[in-house]
Amino acid sequence: MQFVIKKNELLTGLQQIVRVIPSRTTKPILYGVKIDAEFNRIRMTAYDLEIGLEILIENKDQEQVEVLQVEEPGSIVINAKFLLEIIRKLPQQLVRFNLKNHIATIQSGAAIYTLNGLDSREFPLLPQVDDDEKLTMASTLLLQSIQKTVYAVATIESRPTLTGVHFKLKNDILTLTGTDSHRLSNLKISVDTLKEYSFEEAIMPGKTLQELLRILPASEEMVEITLADHQMLIRYDNIHFYSRLIEGTYPDISRIIPETFRTSIKIGTKNLIESIERAALLARENDNHVIRLHLRPNQTEITSTSQELGKISEVIEPQTFQGEELMLACNARFMLESLKTIDTEDVSIQFTGPGSAFIITPVESDTNHLQLILPVRLNHA
Amino acid sequence: MTLIYGLVDMQSFYASCEVASRREFTVTRRMDRDDSDPALVVAGDPARRSGIILAATPPAKARGITTAMRLGEALRLAPELVVVAPRMRLYIETSARIQQTIREHFPLQEQFSVDESFFAFPHPSTLFCDPVAAARGLQQAIWDQFRIRCRIGLAPNKWMAKVANNVAKTVAGGIVWWPDGDLLPLHELHVSKMWGLRKRAHVLELEFGAKTIGDVSRISRGALRDRFGTWGDVIHRWSHGEDPSPIHPDAYDAPHKSYSHRVTLPRDFYARDEVATVILELLDEVCRRLRHAGQRGKRVGLGVTYARFEGGFYRARALTSAHDDARAIYPTLLALLDQHWSGDGIRAVGVSVDDLKTAADDQLSLFEDIPKRVQLNRTIDLIHERYGKTSLYRAASLTAAGQLLSRSKKIGGHWSGTP
């Protein structure tokens, strides 16, 4: 194997790659990045058996400047974090790789490194994903959709399926759902599909999505999503992101979303967030971060009481109010995390009673986003 | 007026309870003659020679028998030994009654363990004009009422009283009084007699060359602090006969900081579902106590000891919120087991819950009827309170793995003695 590559191209790729490198593993080869030199491109792969990331570096036709020149194809696995540090410190803009018997020679200017590599045949293979069927959407839309649902997933594995976001595709509508059983976020978006692609269930681990959020660009660039064999492949530009899916059956959420309401309000999103943040200061000591909402026709009162610290009460005026007066308690942190995903000026909240779920939706928005929070039942009041 | 602090401890408590409750020994026993007791031991399981000695009377100890010795070895030393099974309920009930007697003599009193108690009284005072006589009054009352001997250390503070009590075990009459201002009896003791230091006493002897507590008192506070950190201050204080701890009459009623239960299994368990059954039984017990105290735990721990009591692990994990319900906590314990179990046979299992909060409000759930669950737990607790823990239990406890039924006959891992 022999190739010459521009240092910056290699560096950008490696910086993405090391995010997927596990910090602790029982298989030392997984600390490595697999580098494949093909006839006109370099393929870098990291795979911790949970997340796989593949980055292609090639000369783009329209560009005049060559970033890469492969002189002889080949393949090797090198410790990724170590390689990144070396490349970062190289003196010149061009790097020459040379491989013989699992020993890589890296040369840049007068600096020459000789590194022991591992046999790339021992590196686990990425899953085979057939890309006949796929859905396409803008990167920034996928990014926002994940952000608006992944916050609600469970962090404890008592129900493994709840630690991921549930994806469903039907009639060109992609539905994302996240819940930890105390709150839920459900988002529907229109996407383009090839061959009327659809699937019922794909649960992607919350941790993997957090990783994906760091890699996805916030641009209009198109992203392709394909499912196969308990894996999801997300592809854009020259990057392929593979994720293992969580096995198991996701709970049927269609029956738990209430349809009739006792009390409904529309209220300024920013005002409500700030007011709850103030009340939350006193709710911090409480395990459930309890605040109380008292909904009256022209007043929404937010209160919080701490036995040690004292009490806070604040009244804000809703834009509209319908239905009966109602009082309930809920977790301030859940409220804030939900409200912060709302990007419209006003938010609509529909209540069914102090012991059942209430629904938060944006007002006058193109996005079909529904969030649900269950109240806290007070035992002493 | 100052206070005199006392520490009273029962002699060979479990063994003495057994001797005192057996008619055949009554006539010959005398308070002032340890050797008037029979050579008797309480053994974990008298039927098995591998069982261990839990307690031994002074005549048994005089034959070289020590606690934690195997029964077989004890019988080799003294074939004529009287061997009895433990009756934990008897000991605990006797203990409670003895504590009551102590409180009647000295109202300012704090239970320290099952057979020890601190107390304090003013000095000089007309009510307790002779401290040694007051202590002897208590000693006599406990003998008259329970036929159990006790030793009493009297000193200007709790720590010195504990040390004085240890000295009292070696003197005739079993009472030692160290009046305020006289550190000589403390200072001439060997450094290993400094109670509560564990290995640090050894360090004092080895690294500082301190033979006696008096030697320790001559080491500068700074030097002790450099070697032991904050413990340096404590050692310095104790060696000068100072201990500011007050008596807490309600020490045993203070809210718990953690709850835990542990069981040694009758054989090594290799199957996950068998271990899981025992974990659930222990967790049910922990949760029952949490609910009874109106507390909830935010962290849960699992301890496992492997076959032959060699190796094992203890690992804890935080929960997202505080719970007092077994079903909410159980999956986390299983996750701990799956993550840390090497696959070796398991001989003992322990479950603990800590990071306790006062039980407050219930976060409702989408997939579970929380108020119904709370009501169910409340009902089960009521049934257990009224009809006993074996009146209602999980079906899994009837499997070969279940320990609940055999545990219900034990206290602290030993037979309670009640049918």
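Residues numbered from 1 in each chain as written. Chains lettered and ligands numbered in written order. Predicted model: local features only at pLDDT ≥ 70, side-chain atom pairs only at ≥ 80, totals over all residues. Heavy atoms only, no water.

**What about the overall build of chain B?**
Note the cut-off: Only DSSP runs of H or I covering at least 4 residues are called helices, and only runs of E covering at least 2 are called strands; the numbering of each starts at the N terminus. The cut-offs for exposure are 20% and 50% of the maximum accessible area for each residue type, with area from a 1.4 Å probe on protein chains only; residues under the lower value are buried, those over the upper are exposed, and the others partly exposed. Two residues form a contact once any of their heavy atoms are found within 4.5 Å. Exposure was quantified through the Shrake-Rupley algorithm and a 1.4 Å probe, taking into account, for residues, occlusion by the shown protein chains and nothing else. The positive count covers Lys and Arg only, the negative count covers Asp and Glu only, and His and the chain ends enter neither. Positions of charges follow a simple convention, taking NZ of Lys, CZ of Arg, CG of Asp or CD of Glu.
Looking only at helices and strands, one finds 15 helices and 15 strands in chain B. Seen through its principal axes, chain B has C-alpha atoms that stretch 70 × 55 × 45 Å. The proportion of buried residues among the 419 residues of chain B is 49%. Nonlocal contacts in chain B, meaning residues at least 24 apart in sequence, comprise 64% of its contacts between residues at least 6 apart. As displayed, chain B offers around 20700 Å² of accessible surface, 53% of which is attributable to carbon and sulfur atoms. For chain B, the centre of its 57 positive side-chain charges and the centre of its 48 negative side-chain charges are spaced 3 Å apart.

**Description of the overall build of chain A**
For chain A, the helix and strand inventory stands at 6 helices and 28 strands. Its C-alpha atoms give chain A principal-axis dimensions of about 80 × 50 × 40 Å. Here chain A holds 381 residues, and 55% of them are scored as buried. Element-wise, carbon and sulfur atoms account for 45% of the exposed surface of chain A, whose accessible area totals about 18500 Å². Treating the 39 positive side-chain charges of chain A as one cloud and the 51 negative ones as another, the clouds have centres 5 Å apart.

**Some details on the pairing of strand β26 (residues 358-362) of chain A**
Residues and elements named next belong to chain A. Defined as follows: Only when DSSP finds a minimum of two bridges between them are two strands counted as paired.
In terms of burial, β26 is largely enclosed, as 5 of its 5 residues are buried. As defined by bridge partners, strand β25 (residues 346-351) adjoins β26 across 4 bridges and the pair is classed as antiparallel. When the bridges of β26 are listed, Gln-350 appears paired with Ile-359. Where β25 hands over to β26, the hairpin turn is made up of 6 residues, of which Gly-353 adopts a positive phi near 150°.

**Quick look at the packing of helix α12 (residues 272-293) of chain B against helix α14 (residues 370-387) of chain B**
All names here are of chain B. The following threshold applies: Axis lines are fitted to C-alpha atoms, over the contacting stretch for helices. Their N-to-C directions set the angle, which ranges from 0 to 180 degrees. Any angle that falls under 35 degrees is termed roughly parallel, while one over 145 is termed roughly antiparallel, one within 65 to 115 roughly perpendicular, and all others oblique. Gly is put with the polar residues, along with every residue not named as nonpolar or charged; the nonpolar set is Ala, Val, Leu, Ile, Met, Phe, Trp, Tyr, Cys and Pro, and the charged set is Asp, Glu, Lys and Arg.
The N-to-C vectors of α12 and α14 enclose an angle of 95°; their axes lie 11 Å apart at closest approach. As summarised for this structure, α12 and α14 are arranged roughly perpendicular, according to the angle between their axes. Every residue of α14 that contacts α12 at Arg-288, Arg-291 and His-292 is listed here: Asn-377, Asp-381, His-384 and Glu-385. Partitioned by chemical class, the residues of the contact of α12 with α14 number no nonpolar, 3 polar and 4 charged.

**As for unusual backbone geometry**
That bond from His-123 of chain B to Pro-124 of chain B is cis: its omega, -5°, falls within 30 degrees of zero. Within the chain, Leu-49 of chain A stands out as a residue other than glycine whose phi angle is a positive 75°. Along the polypeptide, Leu-49 of chain A turns up in the loop between β3 (41-47) and β4 (51-58).

**A closer look at the UniProt feature "domain: DNA polymerase III beta sliding clamp central" (unreviewed entry) in chain A**
Note the threshold: UniProt positions are given in the numbering used here, feature names are shortened, and annotations may be inferred rather than shown by experiment.
UniProt records the feature "domain: DNA polymerase III beta sliding clamp central" (unreviewed entry) for residues 139-252 of chain A in the present numbering. For residues 139-252 of chain A, helix accounts for 19% and strand for 44%, while the C-alpha atoms at its two ends are 28 Å apart.

**Quick word on helix α6 (residues 158-168) of chain B**
Residue and element names in this part refer to chain B. Put simply, the rule reads: Definition of a polar contact: a pair of N or O atoms within 3.5 Å, with one able to donate and the other able to accept a hydrogen when the atoms are protein atoms, and with sequence-neighbouring residues admitted only if both atoms are side-chain atoms.
The element α6 is largely enclosed, with a buried count of 9 among its 11 residues. Among the residues of α6, Lys-158, Trp-159, Met-160, Ala-161, Lys-162, Val-163, Ala-164, Asn-165 and Ala-168 are the ones counted as buried. The opening residue of α6 is Asn-157, an N-cap whose side-chain oxygen sits 3.3 Å from the backbone nitrogen of Trp-159.

**Describing the side chain of Asp-354 of chain B**
Residues and elements named next belong to chain B. Following the sequence through the fold, Asp-354 ends up in strand β12 (residues 346-358). Its relative accessible area of 16% is what places Asp-354 among the buried residues. Looking at Asp-354, its side chain comes within polar contact range of the side chain of Arg-299, at 2.8 Å. The contacts of Asp-354, once residues within four sequence positions are left out, are Lys-257, Ser-258, Gly-297, Lys-298 and Arg-299.

**Quick word on the sheet that holds strand β11 (residues 312-323) of chain B**
Residue and element names in this part refer to chain B. The 4 strands are arranged β9-β12-β10-β11 in an open sheet whose pairing can be described as antiparallel. Looking at the sheet topology across the chains shown, the edges are occupied by β9 (258-269) and β11. Averaged over all adjacent pairs, the angle separating strand axes in this sheet is 15°, with direction ignored. Of the strand pairs in this sheet, strand β10 (residues 295-306) and β11 are connected by 8 bridges, and their pairing is antiparallel. Bridge pairing in β11 places Arg-299 opposite Ala-318. Seen against the sheet, α12 touches β9, β10, β11 and β12 and runs at an angle of roughly 160° to β9. Across the sheet, helix α13 (residues 326-340) touches β10, β11 and β12, and the angle it forms with β11 is around 150°.

**Notes on the domain arrangement of chain B**
To keep things clear, this is the line we draw: Each domain's extent is set by a domain assignment, obtained either automatically or from a database.
One can read the domain layout of chain B as domain 1 (13-88), domain 2 (184-240) and domain 3 (255-415). Here the C-alpha centroids of domain 1 of chain B and domain 3 of chain B sit 35 Å apart.

**A short note on the pairing of strand β1 (residues 2-6) of chain A**
Residue and element names in this part refer to chain A. Where β1 and strand β7 (residues 94-100) come together, 5 bridges link them in antiparallel fashion. Bridge pairing in β7 places Phe-3 opposite Phe-97. In this sheet, strand β5 (residues 68-72) lies alongside β1 in antiparallel orientation, the contact comprising 4 bridges. Note that in β5 the partner of Gln-2 across the bridge is Glu-72.

**Notes on the pattern of salt bridges**
Residue and element names in this part refer to chain A. We count it as follows: Think of a salt bridge as a Lys or Arg side-chain nitrogen and an Asp or Glu carboxyl oxygen that are within 4 Å of each other.
Evaluated as defined, the whole model comprises 52 salt bridges over all chains. Among the salt bridges present, the one from Asp-36 reaches Lys-34, with a minimum N-O distance of 3.8 Å. The exposure class of Asp-36 is buried, given its relative accessible area of 12%. Between Glu-211 and Arg-214 there is a salt bridge, with its nearest N and O atoms 3.4 Å apart. With Glu-211 and Arg-214 both in helix α4 (residues 206-215), this residue pair falls 3 residues apart, about one helical turn.

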